Amino acid sequence: MAAAMNGCSKFVMISTDKAVNPTNIMGASKRICEMIVQTFNKHYDTEFVAVRFGNVLGSNGSVIPLFKKQIAAGGPVTVTDPNIIRYFMTIPEAVSLVMQAGAYAKGGEIFVLDMGEPVRILDLAENLIKLSGYKVGEDIKIEFTGLRPGEKLYEEMLMDEEGLQDTANRMIHIGKPIAMDDMRFFAQLEELNGAAKAEHADEIREIVQRIVVTYHPEDNAEDHTAEHQKALERAAELINESE
C-alpha cells in the first residue's frame, strides 16, 4: 500500500515455494501476500509482482550454517527426516534472477524461478561432514528429529491451476494468475485483521484456511507418532553404522 501511495513504479515481493499447497501458517501467509500483490496490481498504477523460489544457500535460516555449527561442536548433525528434499540456489543466483524478473514485470505476475533438481538434506549433511574431514557415524553422528508441525517432505513450485509461461530467460517462468473475487478477498482480509488484533489464534487459522483453500495444516500429523519416531531412530542407526 505504501508503495502505491507514494508513486512507486514497481513493487517486487519475495515469495517462497512454501506458498504452494501450504501446510503451515508461514506458507499460507506468503500465499495471501501473493494474492494481495495480484489484487493490488488491478487497483493501483504501481506494477505489483511476486517472485517465488526455494532455499538460498548461506542465507539466514539455511541448514548449511546450522550443520557447520553442529559439526564444529562435535555433532550430532540433526536432519528432520531421511527422505526430506529441498530446492537450493546460491545468493548471487537468487539476487540476479530476482532483479531480472523485476525487469520483466508488467504487473500482476508471479514469477517462478527454475531451482534445478531438489537435493536430499541427508546427502547434504553427509557430504558436509566428509568435506569437514570427519567420518559419518564414527566422528560425527546423524540424528533424525522428525518433521516439525506443518513441515513437508518436499516443496512444490507451482499449483496445479497455475500452469507455466516462459520468459526470455530459461530460469524464469510465470505462473498464470488464479481468478478470485477481489471484494470478497478484501472483506476476508479485514476479518483476518480483526482476529489478529484480538490475538484469537484459532480464529486466525480458520480465516486463513477460508482465504487459502489449499492450506491443509494437518497434512503431516502422522509423522509425529511414537512409531514414526522409532523408525527414524532406527534409520539413523543404520546410516551411522554403514559409513
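Above: the structure in question.
First, a word on what this report is: a plain description of the structure on this page. (Residues numbered from 1 in each chain as written. Predicted model: local features only at pLDDT ≥ 70, side-chain atom pairs only at ≥ 80, totals over all residues. Heavy atoms only, no water.)

1. Considerations on helix α6 (residues 182-197)
Right, on to step 1. Spanning 16 residues, α6 covers 23 Å between terminal C-alpha atoms, matching the ideal 22 Å at 1.5 Å per step.
Right, on to step 2. The complete set of buried residues in α6 reads D182, F185, Q188, L189, L192 and A195. Looking down the long axis of α6, one finds its buried residues gathered within 135° of arc, a one-sided arrangement. Exposed residues lying more than 90 degrees from the buried face of α6 are M183, E190 and K197.
Right, on to step 3. The secondary structure elements touched by the buried residues of α6 are α2 (25-43) and α7 (201-211).
Right, on to step 4. You can read the cap of α6 off the contacts: a side-chain oxygen lies 3.2 Å from the backbone nitrogen of M183, and it is on D181. (Helix = DSSP H or I, 4+ residues; strand = E, 2+ residues; numbered from the N terminus. Expected span 1.5 Å × (residues − 1). Buried < 20%, exposed > 50% of the residue type's maximum accessible area, 1.4 Å probe, protein only. Arc of directions from axis to C-beta. Contact = heavy atoms within 4.5 Å. Polar contact = N/O pair within 3.5 Å; in protein donor to acceptor, adjacent residues only side chain to side chain.)

2. Some remarks on the packing of α2 against α7
Right, on to step 1. As a packed pair, α2 and α7 sit with axes 10 Å apart at the nearest point and diverge in direction by 50°. Considered as vectors, α2 and α7 are oriented oblique to each other. In the crossing of α2 with α7, the sense of the turn from one axis to the other is left-handed. Contact with α2, carried on its side by I25, A28, I32 and M35, involves R205, V208 and I211 of α7 and no other residues of that element.
Right, on to step 2. Here the residues of the contact of α2 with α7 are counted per class, giving 6 nonpolar, no polar and 1 charged. (Axes fitted to C-alpha atoms, helices over the stretch in contact; angles between N-to-C directions. Parallel < 35°, antiparallel > 145°, perpendicular 65-115°, else oblique. Left-handed = near helix turned anticlockwise from the far one by under 90°. Nonpolar A, V, L, I, M, F, W, Y, C, P; charged D, E, K, R; others polar.)

3. Digging into the pattern of salt bridges
Right, on to step 1. On inspection of all chains with the given rule, the structure shows 10 salt bridges.
Right, on to step 2. A salt bridge links R120 to D123, with the shortest nitrogen-to-oxygen separation between them at 2.9 Å.
Right, on to step 3. A single salt-bridge network, built from bridges that share partners, covers R31, E34 and R52. (Salt bridge = Lys/Arg side-chain N within 4 Å of Asp/Glu carboxyl O.)

4. Things to note about the packing of aromatic side chains
Right, on to step 1. What the rule picks out here adds up to 5 aromatic pairs.
Right, on to step 2. Geometrically, the ring pair formed by F11 and F48 is tilted, given 5.3 Å between the ring centres and 45° between the ring planes. In this pair, F11 is assigned in strand β1 (residues 10-16) and F48 in strand β2 (residues 47-53), connecting sequence segments 37 residues apart.
Right, on to step 3. On the accessibility criterion, F48 (2% relative accessible area) is buried.
Right, on to step 4. Consider the rings of F40 and F48, whose centres lie 5.7 Å apart with planes at 80°: the pair is edge-to-face. F48 matches F40 in its accessibility class, with the two residues each being buried.
Right, on to step 5. The structure contains a cluster of three or more aromatic residues connected by ring pairs, namely F11, F40, Y44, F48, F185 and F186. (Phe/Tyr/Trp six-rings, centres within 6.5 Å; stacked < 30°, edge-to-face > 60°.)

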